[in-house]
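# Structural description and commentary
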Amino acid sequence: MRSTSKRLAMVLKGYPRISETFISNEILHLERSGIDIAIFSLRQPRESFAHKHVKQIRAPVTYLPEYILPSWKTLFRANFRYFLSYPYRYLRSFSNALKASIAISSPLTPTVRHFLQAGYLVQHDLFRKNIAHIHAHFAHTPTSVALYASELTGISFSFTAHAKDIYTSHPAKLMRKIARARFIITCTEYNRQYLLSLAEGLSTPIYTIYHGIDLSRFEFGPDHLPSPPFRILSVGRLVKKKGYDDLLKALRILKTQQIPFEFFHVGDGDLREQIHKMAGDLGLLDNVHFLGTLTHEDLIPLYRRSHLFVLASKIAPDGDRDGLPNVILEAMAIGIPVVATNVSAIPEAVHHEKTGILVSPENPYALAQAIKRVLFSPGDARSMVFEARRFVESYFDSAIWMPRLYRIFRDVVRNDYI
């Protein structure tokens, strides 16, 4: 059935994803505010389960063909049909895409794939679903598809830039996307300053909109003093930028000092086998518990049972780095002392010795010392915990940021409910 109201197209790399709660929260809020949304995902979901709130999202989801070879007939048929309708526009856009990649010696295969996905999206869905504006989450693949779809149709596009997608992208590619976007959203001021440095001379608005958290889900309750065995929690993907190799080395230091602890990790990732093996090599198997991926409903009780939250983020060799992980804000909101590294935008929330403890990255000894300080100085830790909660309430409550996000989209999507 054809929609009669104007819609916002959300182009996502994968949907739904357990690790991207901030995206599903955003979609749910925009829907509840009256914006009609259609979701276009470039990949099928990685997990067989999702957070409960995802079930409340009404937006229809279309999964685009992910790769060329398995779906070449489908992709080429859709693109040929659009070419027959708009040959000049199609060839001009395709030529521009190839020239931009060649100019920076970028591989052409991803460019061709993203362009064919855009052509499929345009031919099958954009006009039929009354799309008024296209918005992509992540500045790499999804925004490439959104950019090409915009060039093919004349429909405006924008994107949200997060972390890896910014710092592992070629600056020239980012500049091209910035120049053509109607606006850009990013989730930290650190990111915004970097994007502004690339956008010098361009007029594209760049907004900092923190993801924030729904404080109603995270009741404050620092009601237990730490006692052995200390329960240390970390939540994050097992990838280089999360620094779990450094954290395991810090835990080894604690063990050699005969400090009793249990470490709980939530998450999964490409380095799963390597990190698990490292825990064994360091003699930590009796202390470390890898719990895999959990939903928020399962994670929140784990927060409450923990004495300390720690994240050892660092800049990966390819430039990848964290933005401001929401798990830090969640721990601060619930009332767990936080130890983290002073990487990227983490200091925007963790103020050293005020809302948590910061150490330099790739320094297991400093990390171990910070953990000991929190565990053995409960008075200082309690003071930081209360200040952290106040800070989250003042600056990272999603009730502050989601209305701002809505007002940005309100100006580009006008449906029957606005």
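Let us look at the structure shown here. (Residues numbered from 1 in each chain as written. Predicted model: local features only at pLDDT ≥ 70, side-chain atom pairs only at ≥ 80, totals over all residues. Heavy atoms only, no water.)

## Describing the sheet that holds strand β13 (residues 357-359)
Strand order in the open sheet formed by 6 strands is β10-β9-β8-β11-β12-β13, with parallel pairing between adjacent strands. Looking at which strands have only one partner, the edges of the open sheet turn out to be β10 (288-290) and β13. Averaged over neighbouring strand pairs, the angle between their axes works out to 20° when direction is ignored. Sheet topology places strand β8 (residues 230-235) next to strand β9 (residues 261-266); 6 bridges connect them, and they run parallel. The residue of β9 that forms the bridge with F230 is F261. Of the strands in this sheet, β8, β9, β10 and β11 (308-311) touch helix α9 (residues 244-256), which is tilted by about 170° from β9. (Pairing = 2+ DSSP bridges. Helix = DSSP H or I, 4+ residues; strand = E, 2+ residues; numbered from the N terminus. Axes fitted to C-alpha atoms, helices over the stretch in contact; angles between N-to-C directions. Contact = heavy atoms within 4.5 Å.)

## Quick word on the environment of L282
Of note, L282 is situated in the loop between α10 (272-281) and β10. Taking C-alpha positions, L282 is 12 Å from D246, a pair spaced 36 residues apart along the chain. For L282, the residues in contact, after removing those within four places along its chain, are L248, K249 and R252.

## So, the nonpolar core
Counting residues in each nonpolar core, the largest one holds 93 residues, and the members touching the most others are L251, Y303 and F309. Considering each element in turn, this core owes the most residues, 7 residues, to helix α12 (residues 326-334). Discounting chain neighbours no more than four positions away, the residues touching L251 are I232, F261, F263, L284 and V288. In this structure, L121, A139, I178 and A199 belong to the second largest nonpolar core, which totals 43 residues. (Core = buried A, V, L, I, M, F, W, Y, C linked by side-chain atoms within 4.5 Å. Buried < 20%, exposed > 50% of the residue type's maximum accessible area, 1.4 Å probe, protein only.)

## What about unusual backbone geometry?
In this structure, P16 follows Y15 across a cis peptide bond, with omega equal to -15°. Checked against the element boundaries, P16 lands in the loop between β1 (7-12) and α1 (21-32). For the peptide bond that leads from P228 to P229, omega is -10°, which places it in the cis range. Considering the arrangement of structural elements, one finds P229 in the loop between β7 (206-208) and β8. Positive phi, normally seen in glycine, also occurs at F138, with a value near 90°. In this structure, F138 sits in the loop between β4 (131-137) and α5 (141-153). Although it is not a glycine, Q258 adopts a positive phi angle of roughly 60°. Mapped onto the elements of the fold, Q258 is located in the loop between α9 and β9.

## Overview of α5
Over its 13 residues, α5 runs 19 Å from end to end, which matches the ideal 18 Å to within 8%, given 1.5 Å per residue. Here α5 lies mainly inside the structure; 13 of its 13 residues are buried. Backbone geometry just after α5 places G154 at a positive phi near 85°. (Expected span 1.5 Å × (residues − 1).)

## Focus: the sheet that holds β4
Here 7 strands make up an open sheet; going across it, the order is β3-β2-β1-β4-β5-β6-β7 and the pairing parallel. Since the sheet does not close on itself, it has two edges, and those belong to β3 (61-63) and β7, each with one partner. Each strand axis lies, on average, 20° off the axis of its neighbour in the sheet, ignoring direction. Examined bridge by bridge, β1 and strand β2 (residues 36-41) share 6 bridges and lie parallel to one another. Each bridged residue has a counterpart across the sheet, and for L8 the counterpart in β2 is I37. Along the sheet, α1 contacts β1, β2 and β4; its crossing angle with β1, the most-contacted strand, is approximately 175°. Strand contacts of helix α8 (residues 189-198): β5 (157-161), β6 (184-186) and β7, with the helix running at about 165° to β7, the strand carrying the most contacts.

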